[in-house]
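The residues making up each chain are set out below.
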Amino acid sequence: MRELIRKYATTLFVFVLLLFSNLYTLSYEFSLSRDTIDLTYTMLPSIYHVSSMSTDVSDYQIHELRHLLTSDSLEMSRQEAGMRLEEESYAKHERAYLKLMVSDEEMRLFERAKTIHDEYLSVSKKMVAHSRENRKEEAYRIFRQKLLSLDDTLTACFDKLVDVAMKNASRTAEQAIERYETSRWIALSVILGCVVAVLSWIFAIEYFARITRSE
């Protein structure tokens, strides 16, 4: 038995170290994969959809201004069709973003943005109705006094949502880097431990062999 222990102890020790190293590496790779998935499929798409929502609002506003600046019925119809397309695009990005939120803070900001956007559309429809009737001064007054203010508030909400998503992405990236550094340190420690174990075992065998020969 003692001979078997002497013969296989180092091999068993090295095997245990390597097994631990491999199990830890698998755990690390799982965590890193999860962080990568979060970045790729949640946080970066969140930024994209919020930015697209903001762009849709800006493009919608361009159609509003063009509507105000024309008295041609056909041109006004074209601008109203453009507004509807921007509403549809906004709604599509809004639905997609709703599935990606990961924090209560995002939900609160999203609900505020939704409330403001709904109010913006309601006021906009009144403005467009006045513009359609060629009551341009009244329509422009609504645009200047109400819609621009709502747009500023809505833009601030979008900026905060992007900031939250950026912070989440940055935090996830930092965690991935920390896991990588820890994994590298453990891997190097295991390799060093294996080397030390093998060299120590060789030294011990030689030492006891000399003692045995001297006896």
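Parameters at a glance
- Residues numbered from 1 in each chain as written.
- Predicted model: local features only at pLDDT ≥ 70, side-chain atom pairs only at ≥ 80, totals over all residues.
- Heavy atoms only, no water.
- Helix = DSSP H or I, 4+ residues; strand = E, 2+ residues; numbered from the N terminus.
- Contact = heavy atoms within 4.5 Å.
- Areas by Shrake-Rupley, 256 points an atom, 1.4 Å probe, with all protein chains shown as cover.
- Expected span 1.5 Å × (residues − 1).
- Phe/Tyr/Trp six-rings, centres within 6.5 Å; stacked < 30°, edge-to-face > 60°.
- Buried < 20%, exposed > 50% of the residue type's maximum accessible area, 1.4 Å probe, protein only.
- Core = buried A, V, L, I, M, F, W, Y, C linked by side-chain atoms within 4.5 Å.
- Polar contact = N/O pair within 3.5 Å; in protein donor to acceptor, adjacent residues only side chain to side chain.

A few words now on the overall build of the protein. Of the regular secondary structure elements, the protein holds 4 helices and 0 strands. What you see in the protein, going N to C, is helices and strands ordered as α-α-α-α. Within the protein, residue pairs in contact and separated by at least 24 positions form 81% of the contacts whose partners lie at least 6 positions apart. For the protein, the exposed area adds up to about 14,000 Å²; of that, 61% sits on carbon and sulfur atoms.

Take helix α3 (residues 104-132) next. Between its first and last C-alpha atoms α3 spans 42 Å; for 29 residues at 1.5 Å apiece the expected length is 42 Å, and the two agree. In the segment just after α3, N134 is the residue with positive phi, at about 65 degrees.

Position of Q79 relative to the elements: it lies in helix α2 (residues 73-98). Remark: the alpha-carbon pair of Q79 and Y60, spanning 19 residues in sequence, is separated by 9.0 Å. Beyond its immediate chain neighbours, meaning those up to four positions away, Q79 contacts H63, R66 and H67.

Now for the packing of aromatic side chains. All chains considered together, the criterion is met by 3 aromatic pairs. With a centroid separation of 5.9 Å and 50 degrees between ring planes, the pair formed by Y97 and F110 is classed as tilted. Taken together, the positions of Y97 in helix α2 and F110 in helix α3 put the pair 13 residues apart, joining distant regions of the chain. On the basis of relative accessibility, which here comes to 5%, the residue F110 falls in the buried class.

Further remarks concern the nonpolar core. As a rule of thumb, nonpolar side chains are buried together in soluble globular proteins. Core analysis: the largest hydrophobic core is formed by 28 residues, its most contacted members being Y97, M127, L147, L154, F158 and L161. Residue assignment for this core shows that the elements contributing at least two residues are α1 (2-68), α2, α3 and α4 (136-214). If you tally residues by element for this core, the top one is α4, at 10 residues. Excluding its chain neighbours within four sequence positions, the residues that come into contact with Y97 are S46, H49, V50, E106, F110 and L161.

Here α2 contains 26 residues, and its C-alpha end-to-end distance of 37 Å stays within 8% of the 38 Å for a straight helix at 1.5 Å per residue. The complete set of buried residues in α2 reads M76, Q79, E80, G82, M83, E86, Y90, H93, E94 and Y97. Capping the start of α2 is the job of one residue whose side-chain oxygen sits 3.2 Å from the backbone nitrogen of L74: D72.

As a further point, take unusual backbone geometry. The phi angle at N134 is positive, at roughly 65 degrees, despite the residue not being glycine. Take N134: it is sitting in the loop between α3 and α4.

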